[in-house]
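One-letter residues, chain by chain:
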Amino acid sequence: MAEHIAPAQPHGTDHHGEKDEKRAVQSEIDPVVHLEMGDDDMKKDHLDYNRIDKEVAKYASDVAIHISPEENSRLKKLVDRRVLSIMIFTYFLQALDKGTLSFTSIMGLPDDLHLVGQQFSWLTTCIYIAVLIVEYPTNRLIQRLPIAKYLGCSIILWGITLCLHAVSKNFVTILILRTFLGIFEAVCQPSFVFLSSMWYKREEQAATVTYWYMMNGGQQIVGGLLAYCFSLIKAPPTGNALIKSWQAIFIAYGAFSVLWGFFVLWWMPDSPMRAKCFSEEDKKLMIERVRSNQTGMQDRRFRPEQVKEAFMDPQMYCYMLIAICTTLPTSGLGAFANIIIKGFKFTTLQTQLLAMVLGAYIIIVLMSSTWLAKKTGQNLMVMGIYVIPSFVGTIVLMTVVNKNKATQAGLLFSYYLVLSFWAAQTMAMSMISRNIAGQTKKTIVVAANFIAWATGNAIGPQVFLKWDAPRYFIAFATHMGCYVLLVLVIIFLRFYLASQNKKKDRIQAELAAASEGTAGVVDSDLVHAFDDMTDKENLNFRYVY
């Protein structure tokens, strides 16, 4: 990566003015100080071993190595098999585990546990309050620990917790269990953001994030079908089963999650450097494959200067607002999905099956938005376009009264339309992995993003007030406010990232002119790609928007 100043000039009084000019140009970038780098370090034309992770240094080449398209494709398939497959199915299990509450809401769980008032809403909210509390410690552990081992152990623990849901007898018991479920599941999404940037090229990360995130839709499809099968279990007085349907679903999903956790421990590598399943040559090439990302590979050291930069970067606050504006509607709509659909006067069986259609729609939204962003190169613009159907659907839900079959179908279709804003949530997560460089800074930004994510999810169910059922005017009015704010944030973020890219273009041009074309202003060989510099420190880094 490029250094912070132009290449060194010979020492002497004749060059003092030129040096002052370069420093003045550089000062136009947001002030970030390399506490560990002196002037000599900044002039090196090779890897800075003081800043690169020791494990990465063993495999990283001094300069970029050309990898043919055929070789790149072969390496990606190896990574997909060991990493992407784990992320996709793990996220599917997590979404399925969380979705069980929505399905059991019409299987008799609220009545059996004697839930009243807003207590059902708190069973979703408590999960995200737990995530809110443990999010930063979790992200720090992700940076410090072998990531696959940490993920596998967390899956086992959340599977055990889910099984224990079946023995709940009252609100307090299940509230405590749901809180522990949130603690153990907090590792999932943040670890996937880190894994996506560690294993995949920048241009592949949007699709990678979409593949695992669309399992929210997958669980709606499979979950709806499985929930219908479990609903056929009849305990006394209507049947002879030893346990009730909602208990059976918790036990089955939890037990399978435990088994999957052990599989993750065995199958998934912690990093390209520690991947015993790959040859030494493939490890080197896998690291070279992501050199062009310029977001680093891994670094377990804590850099205070990167913490300061993270909190001064408007990007972080934009991603936090996007997270709140998308998860607040998502959480409520997810927890109350079956209750809302049943409120359109569908039977319990029809409600379970219609949830499958909702899942298919979510997958279509996420896949189409990712394809469109890749085709046009306009991530934020596509995000904004996909918020428009959410406005339309919400307005219909708030204004149309369910009078006959036609309005029933129209309300159901409008409910599906509302979920279009999911495209913004997914693409924002992929932008974090692509636009934030520096491992400590990334830890802070990812933690802040998921703290906001947890906040939105915690608030979401609370705006669905029991006395406001079945139309839920207050909830949908709150969602409208979220969509308006979301559009404003998207517009600002696009303007900000474009202006930052233009500023770097101008500064590089001025530095090149001041150094009379001396090589080094542009790090064309990506020598410093793994030096754990932040996106602001690295003049060669360009933001995607």
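### With respect to the overall build of the protein
- Assigned secondary structure in the protein consists of 23 helices and zero strands.
- Buried residues in the protein amount to 60% of all 545 residues.
- Counting only carbon and sulfur atoms, one obtains 67% of the accessible surface of the protein, whose full area is about 21400 Å².

### Some words on the side chain of Asn-72
- Examined against the element boundaries, Asn-72 turns out to sit in helix H4 (residues 69-104).
- Those residues in contact with Asn-72 that sit more than four places away from it in its chain are Ile-67, Lys-201, Glu-204 and Arg-289.

### Structural notes on helix H7 (residues 147-164)
- Taking 1.5 Å per residue as the helical rise, H7 with its 18 residues ought to reach 26 Å, and the 26 Å between its terminal C-alpha atoms agrees with that figure.
- Every buried residue of H7 is listed here: Ile-147, Ala-148, Tyr-150, Leu-151, Gly-152, Ser-154, Ile-155, Ile-156, Trp-158, Gly-159, Thr-161 and Leu-162.
- For H7, the elements touching its buried residues are H4, helix H6 (119-144), helix H8 (171-185), helix H9 (188-199) and helix H12 (245-267).

### A look at the pattern of salt bridges
- According to the stated counting rule, one finds 14 salt bridges in the structure shown.
- We note a salt bridge from Asp-80 to Lys-76, for which the minimum N-O separation is 3.1 Å. Remark: Lys-76 and Asp-80 occur in helix H4; sequence separation between them is four residues, near one turn of the helix.
- Arg-506 is the salt-bridge partner of Glu-510, the closest N and O atoms lying 3.7 Å from each other. With Glu-510 and Arg-506 both in helix H23 (residues 473-514), this residue pair falls four residues apart, about one helical turn.
- Here the salt bridges do not stand alone but share partners, grouping Glu-309, Asp-313, Lys-441 and Asp-535 into one network.

### Brief notes about the packing of aromatic side chains
- Under the defined criterion, the tally for this structure stands at 24 aromatic pairs.
- Note on Trp-246 and Phe-250: the rings are 6.3 Å apart at their centroids and 80 degrees apart in plane angle, and the pair reads as edge-to-face. With Trp-246 and Phe-250 both in helix H12 and four residues apart, this pair spans about one turn of that helix. The same class applies to Trp-246 as to Phe-250, namely buried.
- An aromatic cluster of three or more residues is present, and its members are Phe-89, Phe-92, Phe-256, Trp-260, Phe-263, Trp-266 and Trp-267.
- Of note, Arg-82 hangs over the ring of Trp-267, and the distance from its end group to the ring centre comes to 3.6 Å.
- The positively charged end of Arg-202 is found above the aromatic ring belonging to Phe-541, 4.4 Å away from the centroid.

### Regarding the confidence of the model for the protein
- For the protein, the mean per-residue pLDDT works out to 82, and 83% of the residues sit at or above 70.
- Confidence over residues 1-44 falls short of pLDDT 50; this stretch has 89 contacts with residues more than four positions distant or in other chains.

### Observations regarding the environment of Ser-390
- As for its position among the elements, Ser-390 is in helix H19 (residues 388-399).
- Not counting residues within four places of it along the chain, the set of residues in contact with Ser-390 comprises Leu-417, Val-418, Ser-420, Phe-421 and Tyr-483.

### Things to note about the environment of Asn-139
- Note on placement: Asn-139 falls in helix H6.
- Sequence separation between Asn-139 and Val-445 is 306 residues, and the spatial gap between their C-alpha atoms is 9.8 Å.
- Filtering out sequence-adjacent residues up to four positions away, Asn-139 remains in contact with Pro-190, Phe-194, Thr-443, Val-446 and Ala-447.
- For Asn-139, the side chain forms a polar contact with the side chain of Glu-135, separated by 2.7 Å.

What counts, and where the lines are drawn
- Residues numbered from 1 in each chain as written.
- Predicted model: local features only at pLDDT ≥ 70, side-chain atom pairs only at ≥ 80, totals over all residues.
- Heavy atoms only, no water.
- Helix = DSSP H or I, 4+ residues; strand = E, 2+ residues; numbered from the N terminus.
- Buried < 20%, exposed > 50% of the residue type's maximum accessible area, 1.4 Å probe, protein only.
- Areas by Shrake-Rupley, 256 points an atom, 1.4 Å probe, with all protein chains shown as cover.
- Contact = heavy atoms within 4.5 Å.
- Expected span 1.5 Å × (residues − 1).
- Salt bridge = Lys/Arg side-chain N within 4 Å of Asp/Glu carboxyl O.
- Phe/Tyr/Trp six-rings, centres within 6.5 Å; stacked < 30°, edge-to-face > 60°.
- Lys NZ or Arg CZ within 6 Å of the ring centre and 35° of its normal.
- pLDDT = per-residue confidence, 0-100.
- Polar contact = N/O pair within 3.5 Å; in protein donor to acceptor, adjacent residues only side chain to side chain.

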